[in-house]
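Residue-level structural notes
Here's the letter readout for the chains.
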Amino acid sequence: MTAALLLEVRGLYKRFPAQRGLLGGGRPAVDAVVDVDLTIPAGSTLALVGESGSGKSTAGLCVLRLVEPDAGSIKFEGRDLAAMGQAALRPLRPGFQAVFQDPWASLNPRLTVRDLVGEALEVHGLAQGSAVDDRVAAALKDVGLPGDAMTRRPSAFSGGERQRIAIARALALEPRLLVCDEPTSALDLSVQAQVLALLRQLQQERGLAYLFISHDLGVVRQLAQQVAVMDAGRIVELGETRSLFEAPCHATTRRLLKSTVAPRKRTRTV
Amino acid sequence: MSPTTHRQPLLEIEDLTVQFATADGPARAVDGLSLSIKPGEALALVGESGCGKTATALAIMDLLPAHATVSGTLRWDGAALDPRRQRGQGLAMIFQEPATALNPVLSVQTQVAEPLKVHRRLGRLAARQEVLRLLDLAGLPQPETLLGAFPHQLSGGQRQRVMIAMALACQPRLLLADEPTTALDASVRAGILDTLARLQRELGLAILLVSHDLGVVQRIADRVAVIYAGRIVELAPCQRLLEAPVHPYTRALLACLPDPFSDTPPAEPIPGQPPRATARPTGCAFHPRCPMAEPACLRLEPALEPMARAPHRLVACPLVHGEPA
């Protein structure tokens, strides 16, 4: 890869300390992310795959600094996010945004779409007054939602439309990196296809880069140039998508591929 | 094809309609659905959210809420189905979310033993032995270590296996499985599906699987019924349907399927969205999104009929009726 690195993660480490439960239960300390190195060139997609509990979501949240990493560096456009305080981080946040799995949970049901999408613009001082409306309208248009969506609340939308709202909210800030955590897992097959097509189109048009967290290897194959396989907090295999799928080296990768319940569509030769 | 093909259907559904009263007027979740399940057969109802597949399963079990209006005929072994009599005995159901379907304050032993005491009137010791046998049958190793466990102490896969053990308690002939693996991890999913397939084989259990996931369906189903807007649009042997879908909706849906094993070009999304249950289009419900739609499709409700060249495949679209299958 000769393109400039947008994101460069080195030695990322996160431990959740042991917890004692109220009733004597509790859980031992968990090393959720251990020595994770990742790089994403501008405009490219890296998929982080693994089973639940493998640490892929925690790694994504660390990159977003929504979970505080215990060690490691997270260089975004050359600056180490891990070394900054939250106040210093705030002006950089528009550059890296997130889309989460469940659009029923990630959108405040009491806000209108205008406020949901426009709030971050106001918080970051990127627009005020009617300029907010204009940028919200533009973001909604970019994700294929009608302009009259602005005045409605999330309950008026289907799952796929909600996920478009979540994408519009991230896009309004003109980020260079989107961390997408299972963005289509809660969606129907045809809706998933629409959202994936939108993500591909946005990447082509704007040179967006994705850190795409998913357990669905079919989706990953369609979207990612590179894949990192996680198991028990560590990256166990990293490579170019096609070669990793066709010649998996690590046992975890093979197990994930094997347990992928994907219909074998044999092409008919008539 | 299974050797039971020519036996009398276990369950026959004829012209089932389920309507809910909503603030926006009546919502027709199931719209004249007909289907039959043979003994020992695994049949999958496949479709996207809101297409009526769960409402169909709940109608069979008579578990729909009071504001639902149900019409149509259900026959069990040739006679009218009395779901309240068959429930637990002939019919059993497992649900998507075993964490909420199980009672959180009862131990595994108590929950699995309950139907044994109620329906089979087993005593305490006999019930304990039977609980151990059922847990083992559901694929839980060392079941005696689980008897005292509460649901929150079990993994998602273990919980679903406890649900399966409960469902098997009264030796049902038909198991309704509503998205049984949707809440589970991919690796756990395969194990549960293998268990269901083994139970079908070993016990001669018929399974009605409700799922949106074609990968799950392929692991279990002998036949697949594709539902769109409350109606079956295509019914075919599973592998044939996946290899050579005929109905325009089935074709479009399969084209959306991301395949990890090939560099197929990105799927063509189906334009638009499924119709709301309160506002079904006239004629064929798929016509507003169908690439083949003709003016007649707006008027005529296509019947589900055997294909001209493959009578074991049914399709509700006159435009593809004569195609090779």
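Residues numbered from 1 in each chain as written. Chains lettered and ligands numbered in written order. Predicted model: local features only at pLDDT ≥ 70, side-chain atom pairs only at ≥ 80, totals over all residues. Heavy atoms only, no water.

1. Considerations on the sheet that holds strand E10 (residues 234-240) of chain A
Residue and element names in this part refer to chain A.
- Here six strands make up an open sheet; going across it, the order is E6-E7-E8-E3-E9-E10 and the pairing mixed. With partners counted over all chains shown, the strands left at the sheet margins are strand E6 (96-99) and E10, one partner each. The mean angle between the axes of side-by-side strands here comes to 15 degrees, regardless of whether they run parallel or antiparallel.
- Direction of pairing for strand E9 (residues 226-231) relative to E10: antiparallel, over a ladder of six bridges. The residue of E10 that forms the bridge with Met 230 is Ile 235. (Pairing = 2+ DSSP bridges. Helix = DSSP H or I, 4+ residues; strand = E, 2+ residues; numbered from the N terminus. Axes fitted to C-alpha atoms, helices over the stretch in contact; angles between N-to-C directions.)

2. Some words on the nonpolar core
- Counting 67 residues, the largest nonpolar core has Leu 135 and Val 224 of chain B as its most contacted members.
- Contact partners of Val 224 of chain B, with chain neighbours within four places excluded, come to Ala 44, Val 46, Val 217, Glu 234, Leu 235, Ala 236, Cys 238 and Leu 241 of chain B.
- If you look at the next biggest cluster of nonpolar residues, it comprises 50 residues, including Ile 165, Ala 170, Ala 172 and Leu 187 of chain A. (Core = buried A, V, L, I, M, F, W, Y, C linked by side-chain atoms within 4.5 Å. Buried < 20%, exposed > 50% of the residue type's maximum accessible area, 1.4 Å probe, protein only. Contact = heavy atoms within 4.5 Å.)

3. Observations regarding the packing of aromatic side chains
- Tallied over the entire structure, the rule returns four aromatic pairs over all chains.
- Judged by centre distance (5.3 Å) and plane angle (65 degrees), the ring pair of Phe 76 of chain A and Phe 96 of chain A falls under edge-to-face. Highlighted residues: Phe 76 of chain A in strand E4 (residues 71-76) and Phe 96 of chain A in strand E6, separated in sequence by 20 residues.
- Residue class for Phe 96 of chain A comes out buried when judged on its relative accessible area of 3%.
- When the ring of Tyr 228 of chain B is compared with that of Phe 286 of chain B, the centres are 5.1 Å apart and the planes differ by 85 degrees; the resulting orientation is edge-to-face. (Phe/Tyr/Trp six-rings, centres within 6.5 Å; stacked < 30°, edge-to-face > 60°.)

4. Some points on the pattern of salt bridges
- Under the counting rule described, the total for this entry stands at 29 salt bridges over all chains.
- Note that Glu 14 of chain B and Arg 75 of chain B form a salt bridge whose closest N and O atoms lie 2.9 Å from each other. You can see Glu 14 of chain B sitting in strand E1 (residues 11-22) and its partner Arg 75 of chain B sitting in strand E4 (residues 68-76), a full 61 residues away along the chain.
- On the accessibility criterion, Glu 14 of chain B (41% relative accessible area) is partly exposed.
- The exposure class of Arg 75 of chain B is partly exposed, given its relative accessible area of 23%.
- One network of salt bridges, with partners in common, ties together Arg 114, Asp 115, Glu 122 and Asp 133 of chain A. (Salt bridge = Lys/Arg side-chain N within 4 Å of Asp/Glu carboxyl O.)

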